[in-house]
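The chain contents come next:
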Amino acid sequence: MANLTTNIGALEMKNPVMTASGTFGYGIEFSDLVDLSGIGGIIVKGTTFYPRQGNDYPRMAETPSGMLNCVGLQNKGVRYFCESIYPKIRKIDTQMVVNVSGSSPEDYARCAECIADLEDIHAIELNISCPNVHDGGMAFGVTTEGAAGVVRAVRKAYAKTLIVKLSPNVTDIVSIAKAVEAEGADAVSLINTLMGTAIDIEKRRRMLSIGTGGLSGPCVKPVALRMVYQVAHGVKIPVIGLGGIASAKDAIEFIMAGASAVEIGTANFIDPAISVKVARGIDEWLDAHKVASVRDIIGVAE
Amino acid sequence: MSLKKHVIDLKVVSRVALGDRFVLLKCTDSVAQLPPMMPGQFAQLRVDGSKETFLRRPISINYVDTKTNQIWFLIQLVGSGSRALGRLNEGDTLNALLPLGNGFSMPVSASQKHLLVGGGVGTAPMLYMGAQMALMGMRPTFLLGARTKDMLLQIEEFERVGDVYVTTEDGSAGEKGFVTQHSILQKQKFDRISVCGPSPMMKAVARVAREKGIPCEVSLENMMACGLGACLCCVEKTVKGNVCVCTEGPVFDIKELTWE
């Protein structure tokens, strides 16, 4: 049994495997199928200050080795989260992290402020990279000024661990990472989905209701891994790696690229217990290679 | 309170091709008794060995036999995923996540006259529902529609548990036309209607039910990714806003839907 503990800023985790926002609900949806306490952290679905209906159906198109989605941040708002969801999830024996989104820096900040009051939530992940909403989301994540502005506003309102989730739909992701680091972000997580589309040739039309969607799944892994490597070598704050992780081997690749933790997303849809299996697999690999701690392999890839 | 969900490696005990467009897979859990499941619920079946297929496929529970510990899935061969499932053979493993969704409302007394309507592969959940009603001492009435006689599925199974009325679009079996045109709807009075089939058919039946003031439930089949209410991909617009078909459905009271 190797030491699997890791930390993202002040956030201590029992193992480096988290579940990605929007792919694992609030955790409780999966409690029949997986021991939630075996997961390092659960990042709950994107939460906004006001409730949002999200985009119209169809919101999903399957691709070889992945899928496109354009859900568009459907959620019942932060007040509903605090009053109705938080009491049900606060005692889950793992780090519960809230993913926060908004349509202006102020909007992000007041949502973060509400969550700051919840004593069993020790971190938020700022979504400045959602490709599926017009008013905000990725709009902030694709320029250094936009990203810095949101982080500046939220940093004032939120003193606990602040993770910023980055968009891959940019020319230079390292410059965005550096911009949010300069504004006091405690960590960055990457990558969010890659913008794509799909066409139904019989209907001669695009398959998603808003035309485009975010691509996720094993097909994005090489792109994500490259970006994690670049960002980890460009900033001093911890990096959380995600993008197509579906096995312990995938996770170890991200850790060796420089990630202090990983998130598992789309793979949860195929195997609801994958996160715990990946954590166990990392442990077995470390033991087999006589490595005492997962921290010993962070960023070792040359 | 929802039924506990499981991921189970089922074993295929029999594969029956029904014409060239449908395959009936009879499966068992060789390790344990199958968990409780309700008519109208579905399973997310993992598709192995298809390059184009990534996600699980939501397939209705066609029939559950607790004595033989069997669960049946009726697969319509449509795309790469369903075709890969249809290629499974006796002895193969089928990984299933089940039971999912809410299921149909069951009649609460034997005096209630309940009509079960199925169209195309949508007849699948009606067999299990009818069989459960028969176990409760009721005789279900089935109204089954298909394009042609060849596309009517499992008729002998349906006849074993209830009264069966049929329509085909070409008149090759039963009454010619759509299920909504069948004379049984005029001749008998029903207290409740449950429907599963193509969306135009369900809308037509819902219209009839609404006109006659009969409570009616329909089973939707929106495209899904997770099946657990996490990804929010399969949403349907309802009077309560966008809700997940996989958890709030697949069965909906027509009063909740914002159809038409």
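The sections below set out a description of the structure shown in this document. Remember, it's a predicted structure, so these values are computed and weren't measured experimentally. Every chain begins its residue count from 1, and numbering advances along the sequence as written. Following the order in which they are written, the chains are lettered starting with A and the ligands numbered starting with 1. Per-residue local features are limited, in this predicted model, to residues with pLDDT of at least 70; the limit for side-chain atom pairs, both in listing and counting, is 80 or more; totals at the level of whole chains, interfaces and linings are taken over all residues.

Scanning chain B from terminus to terminus reveals six helices and 16 strands. Atoms counted for the radius of gyration: C-alpha only. Globule rule: 2.2 Å times the number of residues to the power 0.38. For 260 residues, the compact-globule estimate of 2.2 N^0.38 gives 18 Å, and chain B sits close to it at 17 Å. In terms of principal-axis extent, the alpha carbons of chain B reach across some 50 × 40 × 35 Å. Exposure in this text rests on C-beta crowding, where 20 or more other C-beta atoms within 10 Å of a residue's own make it buried, 12 or fewer make it exposed, and counts in between make it partly exposed. The C-beta atoms are placed from the backbone. A buried classification covers 51% of the 260 residues belonging to chain B. The way it works is that DSSP assigns letters per residue, a run of H or I at least four long becomes a helix, a run of E at least two long becomes a strand, and they are numbered from the N terminus.

It is worth spelling out the overall build of chain A at this point. Along its length, chain A carries nine helices and 16 strands. Along the longest, intermediate and shortest principal axes, the C-alpha atoms of chain A span 55 × 50 × 40 Å. Residues classed as buried in chain A amount to 58% of the 302 residues present. Across chain A, every contact between residues at least 6 apart in sequence was considered, and the portion connecting residues at least 24 apart equals 72%. What counts as a contact is two residues whose backbone-derived C-beta atoms lie within 7 Å of each other.

So, about the packing of helix α4 (residues 144-157) of chain A against helix α5 (residues 173-182) of chain A. Residues and elements named next belong to chain A. Every axis in this analysis is a line fitted to C-alpha atoms, fitted for helices over the stretch in contact. Angles between the N-to-C directions lie between 0 and 180 degrees. Relative orientation of the contacting elements α4 and α5 amounts to 30 degrees, with a least axis distance of 8 Å. Between α4 and α5, the angle is such that the two are roughly parallel. Handedness of the crossing formed by α4 with α5: right-handed. For the pair α4 and α5, contact is made by Thr 144, Ala 147, Ala 148 and Val 151 and by Ser 175, Ile 176, Ala 179, Val 180 and Ala 182, respectively. Taken together, the residues of the contact of α4 with α5 sort by class into seven nonpolar, two polar and no charged. Each angle gets one of four labels, with under 35 degrees taken as roughly parallel, over 145 as roughly antiparallel, 65 to 115 as roughly perpendicular, and the rest as oblique. Each crossing is labelled by how the near helix is turned from the far one, with a counterclockwise turn of less than a right angle marking it left-handed and a clockwise turn marking it right-handed. Residues are grouped as follows: Ala, Val, Leu, Ile, Met, Phe, Trp, Tyr, Cys and Pro are nonpolar; Asp, Glu, Lys and Arg are charged; every other residue, Gly included, is polar.

Taken together, the contact pairs 24 residues of chain B with 28 residues of chain A. Breaking the side of chain B that touches chain A down by element, the ones donating at least two residues are β14 (235-238) and β15 (241-244) of chain B. Per-class residue counts for the side of chain B that touches chain A are 13 nonpolar, four polar and seven charged.

All names here are of chain A. Strand order in the closed barrel formed by eight strands is β3-β4-β7-β8-β9-β10-β15-β16, and the pairing between neighbours is parallel. Strand-to-strand, the axes of this sheet are offset by a mean angle of 25 degrees, without reference to chain direction. Being paired, for any two strands, means DSSP has found at least two bridges between them. Pairing geometry for strand β3 (residues 17-19) and strand β4 (residues 41-47), over two bridges, is parallel. Looking across to β4, one finds that Thr 19 is bridged to Ile 42. Running at roughly 170 degrees to strand β15 (residues 239-242), helix α6 (residues 221-232) makes contact with β10 (187-190) and β15 of the sheet.

Below, the discussion takes up the pairing of strand β16 (residues 261-264) of chain A. All names here are of chain A. A two-sided burial pattern is seen for β16, the buried positions comprising Ala 261 and Glu 263 on one face and Val 262 and Ile 264 on the other. Note that β3 and β16 share three bridges and pair parallel. Within β16, the position partnered with Met 18 by the bridge is Glu 263. Direction of pairing for β15 relative to β16: parallel, over a ladder of three bridges.

All names here are of chain B. Relative to the assigned elements, Asp 253 resides in strand β16 (residues 251-253). Judged by the 13 C-beta atoms lying within 10 Å of it, Asp 253 falls in the partly exposed class. Through-space distance from the C-alpha of Asp 253 to that of Ser 194 is 9.2 Å; in sequence the pair is 59 residues apart.

Residues A:Ile124, A:Leu126, A:Val188, A:Val228 and A:Val262 are the most contacted members of the largest nonpolar core, which totals 192 residues. Among residues more than four places away in sequence, those in contact with A:Val228 are A:Leu190, A:Val239, A:Gly241, A:Phe254, A:Ala257, A:Gly258 and A:Ala259. Structurally, a nonpolar core is described as a collection of buried Ala, Val, Leu, Ile, Met, Phe, Trp, Tyr and Cys residues joined by way of C-beta atoms within 7 Å.

Before going further, it helps to spend a moment on the sheet that holds strand β7 (residues 93-100) of chain B. All names here are of chain B. The strand order β4-β3-β7-β1-β2-β6-β5 describes an open sheet built from seven strands, whose pairing is antiparallel. Two strands in the sheet have a free side with no partner beyond their single neighbour: β4 (57-60) and β5 (63-65). Between one strand axis and the next, the sheet turns by 35 degrees as a mean value, whatever way the strands run. In this sheet, strand β6 (residues 70-76) lies alongside strand β2 (residues 22-28) in antiparallel orientation, the contact comprising seven bridges. Opposite Lys 26, over in β6, you have Trp 72 as the bridge partner. Here helix α2 (residues 124-135) sits on the sheet and contacts β4, β5 and β6; the angle it forms with β5, its principal contact strand, is near 40 degrees.

The next point concerns helix α9 (residues 274-288) of chain A. Residues and elements named next belong to chain A. Multiply 1.5 Å by the residue count of a helix minus one, and that product is the helix's expected span. Relative to the 21 Å expected for 15 residues at 1.5 Å per residue, α9 spans 20 Å between its end C-alpha atoms, a close match to the ideal helical length. Residues of α9 that are buried: Ile 274, Ser 275, Val 276, Val 278, Ala 279, Ile 282 and Leu 286. Lys 290 occupies a position one or two residues after α9 and carries a positive phi of about 55 degrees.

Just geometry here; none of it tells us what the structure is for.
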